[in-house]
Amino acid sequence: MNFSKYNTVGVLGAALMMSTISCTNLDDKVFGQLSSTSAFQDAVPLDPQATLQGAYAILNNIATNQGGTYAMEEHPSDEMMGPTRGTDWDDFGTWRKLHQHTWDASHQRILEAWNDLNTGAFRSTQALSVAGSSTQRAAEARFLRGFFTSYIVDLFGRVPVRQVTDAADANPRVLSRTEATNFVIGDLRYAFNNLATGSAPNIATKEAAATMLAKMYLNKAVYTNSSSPAGPYTFVKSDMDSAVYFSNQVIASNKFALTAKGKYFDSFHWNNDQLSKELIFTIANSSAAQPGNVRNRYYMTLHYNQYVNAWNGFTTLADFYNSFEKSDERLSSQPSDLTSKTGLNAGFLVGQQYVVKPNTTTAVAATDRSGNPLVFTPNVNLGFANEVQGIRVIKYLPQPGAVDAPSNDYVFLRYSDVMLMKAEAILRGGTDSQGQTALAIVNNLRSTRGASTLGSLDLAGLLAERGRELYWEGWRRSDQIRFGTFLQPVDQRSATSPATAVLFPFPQQAIDSNPNLAPQNPGYL
């Protein structure tokens, strides 16, 4: 059903509309005094295109924030942690709790993600309600709603759903995880059937919808498991066939290709929109505007005294670093237009670091704040780290001379992910009409990245390859859950985590404002 108007609460607080009543700086009293009468007394027209752009804009919150959704998909995994360094990065233990799986319903990062994702889903519903006769706008809105909702399914399980005609003080109904999974697949299938094959990856396209459908079918065994969210999971052949089918739709478009050997980091370069053919769905950034500014992705990890004068925060785990072959360009690279101007390498930074000071051309050894050589060490203590401990990671390349306003497009979906999803679906029993094998797909990728070819491939090997290809891109937690390794001990988390850790709790504020979310997810008070 289409609606041409929406009430004056409009986009005032989609967080309220999705039964979350607080963002970091909002006063609860404002929302506590809002009634359905006052919310609906003055209906105003919504501009269809502006409303759709409002939904796209919520994607920026994922890109520009090292917390929220991104943190929840990375910090609990085996490839990222946020050590406390003296008083720096303590933040009441918020980063430690994510890595050590000790979060609760009051965790700030969880609330951030919940607000962002539900706001995005509701704004997409708004955009759909005013799409009118435009099938393109409707398909884009349903893609975005499916995209945001897929994260809610992945992180929280059950999903609240609100229509634009619901009263502002009505409690949204809540879909079970299985119902929500089918809801997302329905949205994405509509988008796939109605979106055009486009040339601009910052707009929803048929290929972006196909990529998300491959992800949903690959994870369907996780999302619809009736016995325990932690598994074991039964991967149905028809789902794996669907994952292969939608992966092949992306491949058959002939729009995409792996970056050439030696060019892995072109997909994260400040000119990645021109250099890489891997980009399927992105946020477009330019020298004029950076709505999805990537600066936090290198500021959050680099040392204060490196080229970008950064925040000295997050690191990878030594075991993850050691999973790479030394010849693998994904481990380390020296792009000439980065390293010669900044002293920074791309990939993993360990050992002595160098810096090229602005307006000079000579790299010199960087120092820590005490003037000692800046030497990053693999060992790191999560609770009591000094300023040099931990291997740092550069995925998005800092743009020399524009580190605060870089033009790197932010990447959500990438072609190599499609190839690896296809390989996984085949390995789990799917049939490929093209006759490819999982081993051949993975070996083609490895050869392109400078790694040796494998003689055989099992699920453990495929998970490891997904890590090496997609590290720090926001997929690792989901991958580990699907492969059954998420609860296992890792560095700085010595015990096996409880099965309930595969889902996050609903923020307490969300349950307080919407009783339909009760009961809380198992394992949380």
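Please refer to the structure higher up on the page.
Residues numbered from 1 in each chain as written. Predicted model: local features only at pLDDT ≥ 70, side-chain atom pairs only at ≥ 80, totals over all residues. Heavy atoms only, no water.

What am I meant to see in the overall build of the protein here?
When helices and strands are tallied, the protein shows 20 helices and 13 strands. Computed over C-alpha atoms, the radius of gyration of the protein comes to 23 Å, within 12% of the 24 Å expected from 2.2 N^0.38 for 525 residues, which places it in the range of a compact globule. Each of the three principal axes of the protein carries a C-alpha extent, and together these read 65 × 55 × 50 Å. Scored against the burial criterion, the 525 residues of the protein give a buried share of 59%. Within the protein, contacts between residues at least 6 apart in sequence are counted, and of these 71% link residues at least 24 apart. For the protein, the accessible area works out to roughly 19300 Å², and carbon and sulfur atoms hold 51% of it. Of the side-chain charges in the protein, 43 are positive and 45 negative, and the distance between the mean point of each set is 3 Å. (Helix = DSSP H or I, 4+ residues; strand = E, 2+ residues; numbered from the N terminus. Rg over C-alpha atoms; globule rule 2.2 N^0.38 Å. Buried < 20%, exposed > 50% of the residue type's maximum accessible area, 1.4 Å probe, protein only. Contact = heavy atoms within 4.5 Å. Areas by Shrake-Rupley, 256 points an atom, 1.4 Å probe, with all protein chains shown as cover. Lys, Arg positive; Asp, Glu negative; His and termini not counted. Charge placed at Lys NZ, Arg CZ, Asp CG, Glu CD.)

Please explain the pairing of strand β7 (residues 346-349) as it appears in this structure.
Sheet topology places strand β6 (residues 332-333) next to β7; two bridges connect them, and they run antiparallel. Following the sheet pairing, S332 is matched in β7 by G347. Across three bridges, the pairing between β7 and strand β12 (residues 392-394) is antiparallel. For F348, the partnering residue across the bridge sits in β12 and is V393. (Pairing = 2+ DSSP bridges.)

For this particular structure, what's the right way to read the environment of T149?
Within the secondary structure layout, T149 lies in helix α8 (residues 135-156). Residue T149 is classed as buried on the basis of its relative accessible area of 3%. Considered as a pair, T149 and P160 are 11 residues apart in the sequence and their alpha carbons are 9.5 Å apart. The residues touching T149, leaving out its near neighbours within four places in the chain, are A121, V159, F183 and V184.

Looking at this model, I keep getting lost on empty space enclosed by the protein. Mind explaining?
With a probe scaled to a water molecule rolled over the atoms, the places where space remains empty come into view. Taken as a whole, this structure holds five cavities of 30 Å³ or more when the rule is applied. When its volume is computed, the largest cavity comes out at roughly 140 Å³. Along the walls of the largest cavity sit 16 residues, with K215, N219, Y223, W475 and S478 positioned nearest its centre. Looking at the lining of the largest cavity, the elements that each hand over two or more residues are α8, α10 (206-223) and α19 (476-483). The element that contributes the greatest number of residues to the lining of the largest cavity is α10, accounting for six residues. (1 Å grid on protein atoms, 1.4 Å probe; cavity = no way out; pocket = protein on both sides within 12 Å on 5 of 7 lines; lining within 4 Å. Points joined across faces, edges and corners; volume = space filled by probe spheres on them.)

Looking at this structure, I do not really get the packing of helix α4 (residues 48-64) against α8. What am I missing?
Two packed helices can be described by the angle between their axes and the distance between those axes. Running from N to C, α4 and α8 point in directions that differ by 25°, and their axes come no closer than 10 Å. Taken together, the axes of α4 and α8 are roughly parallel relative to one another. The chirality of how α4 crosses α8 is left-handed. Packed against α4, whose contacting residues are P48, Q49, L52, A55, Y56, I58 and L59, the element α8 presents R137, E140, A141, L144, F147 and F148 at the interface. Taken together, the residues of the contact of α4 with α8 sort by class into 10 nonpolar, one polar and two charged. (Axes fitted to C-alpha atoms, helices over the stretch in contact; angles between N-to-C directions. Parallel < 35°, antiparallel > 145°, perpendicular 65-115°, else oblique. Left-handed = near helix turned anticlockwise from the far one by under 90°. Nonpolar A, V, L, I, M, F, W, Y, C, P; charged D, E, K, R; others polar.)

Would you mind showing me how to read the packing of aromatic side chains here?
Centre distance and the angle of the planes are the two values used to describe a pair of aromatic rings. For the structure shown, the criterion picks out 34 aromatic pairs. Seen from their ring centres, W89 and F314 are 4.8 Å apart, and the 55° between their planes marks the pair as tilted. With W89 in the loop between α5 (68-74) and α6 (94-99) and F314 in the loop between α13 (295-299) and α14 (318-321), the pair connects residues that are 225 residues apart, well separated along the chain. By the burial criterion, W89 is buried, and F314 matches it. Measuring from ring centre to ring centre gives 5.8 Å for Y298 and Y299, while their planes differ by 35°; the resulting arrangement is tilted. Accessibility assignment for this pair places Y298 and Y299 in one class, buried. Taken together, F143, F147, F148, Y151, Y264, F265, F268, F281, Y396, Y410, F412 and W475 form an aromatic cluster joined through their ring pairs. Note that K395 overlies the ring of Y471, its terminal NZ or CZ placed 4.0 Å from the centroid. Positioned above the aromatic ring of F486 is the side chain of R477, whose terminal nitrogen or guanidinium carbon lies 5.9 Å from the ring centre. (Phe/Tyr/Trp six-rings, centres within 6.5 Å; stacked < 30°, edge-to-face > 60°. Lys NZ or Arg CZ within 6 Å of the ring centre and 35° of its normal.)

Explain the packing of helix α7 (residues 108-129) against α8 here, please?
In the contact formed by α7 and α8, the axes pass within 8 Å of each other and the chain directions differ by 155°. In terms of their interaxial angle, α7 and α8 are classed as roughly antiparallel. Seen from above, α7 lies across α8 with left-handed handedness. Residues I110, W114, L117, N118, G120, A121, S124, T125, A127 and L128 of α7 lie in contact with α8, whose contacting residues are A138, A141, R142, L144, R145, F148, T149, Y151, I152, L155 and F156. When grouped by side-chain class, the residues that make up the contact of α7 with α8 number 14 nonpolar, five polar and two charged.

In this structure, what is going on with the nonpolar core? I would like to understand it.
Formed by 140 residues in total, the largest nonpolar core has its most connected members in F143 and F281. The element that contributes the greatest number of residues to this core is α10, accounting for 12 residues. (Core = buried A, V, L, I, M, F, W, Y, C linked by side-chain atoms within 4.5 Å.)

Please clarify how the sheet that holds β7 should be interpreted in this entry.
In space, the three strands of this open sheet follow the order β6-β7-β12, with antiparallel pairing throughout. The open sheet has two edge strands, β6 and β12, and neither has a second partner.

How do you make sense of helix α16 (residues 415-427) when you look at a structure like this?
The α-helix winds at 3.6 residues per turn, so residues separated by three or four positions along the chain end up facing the same way. The end-to-end C-alpha separation of α16 is 19 Å, in line with the 18 Å expected for 13 residues at 1.5 Å each. Taken residue by residue, α16 has Y415, S416, D417, V418, M419, L420, M421, K422, A423, E424, A425 and I426 as its buried positions. At the C-terminal side of α16, G429 shows a positive phi close to 115°. (Expected span 1.5 Å × (residues − 1).)

Would you mind going over the environment of L175 with me for this structure?
Counting through the fold element by element, L175 comes out in strand β4 (residues 173-175). Owing to a relative accessible area of 7%, L175 belongs among the buried residues under this scheme. C-alpha of L175 to C-alpha of R158: the two residues are 17 residues apart in sequence and 5.6 Å apart in space. Discounting residues that sit within four places of it in the chain, L175 has contacts with R158, V159, V161, A180 and F183.

Is there a simple way to think about unusual backbone geometry in this case?
Excluding glycine, most residues fall at negative phi; most peptide bonds, likewise, are trans. Residue G231 is joined to P232 through a cis peptide bond whose omega torsion reads 10°. Backbone torsion omega between A518 and P519 reads 0°, so that peptide bond is classified as cis. For P519, the position within the fold is in the segment after α20 (508-513). A positive phi angle is found at N312, which is not glycine, with a value near 55°. The class of N312 is buried, set by a relative accessible area of 0%. Notably, Q492 is not glycine yet its phi reads approximately 70°, a positive angle. Looking at the element boundaries, Q492 is found in the loop between α19 and α20. The partly exposed category is assigned to Q492, whose relative accessible area is 25%.

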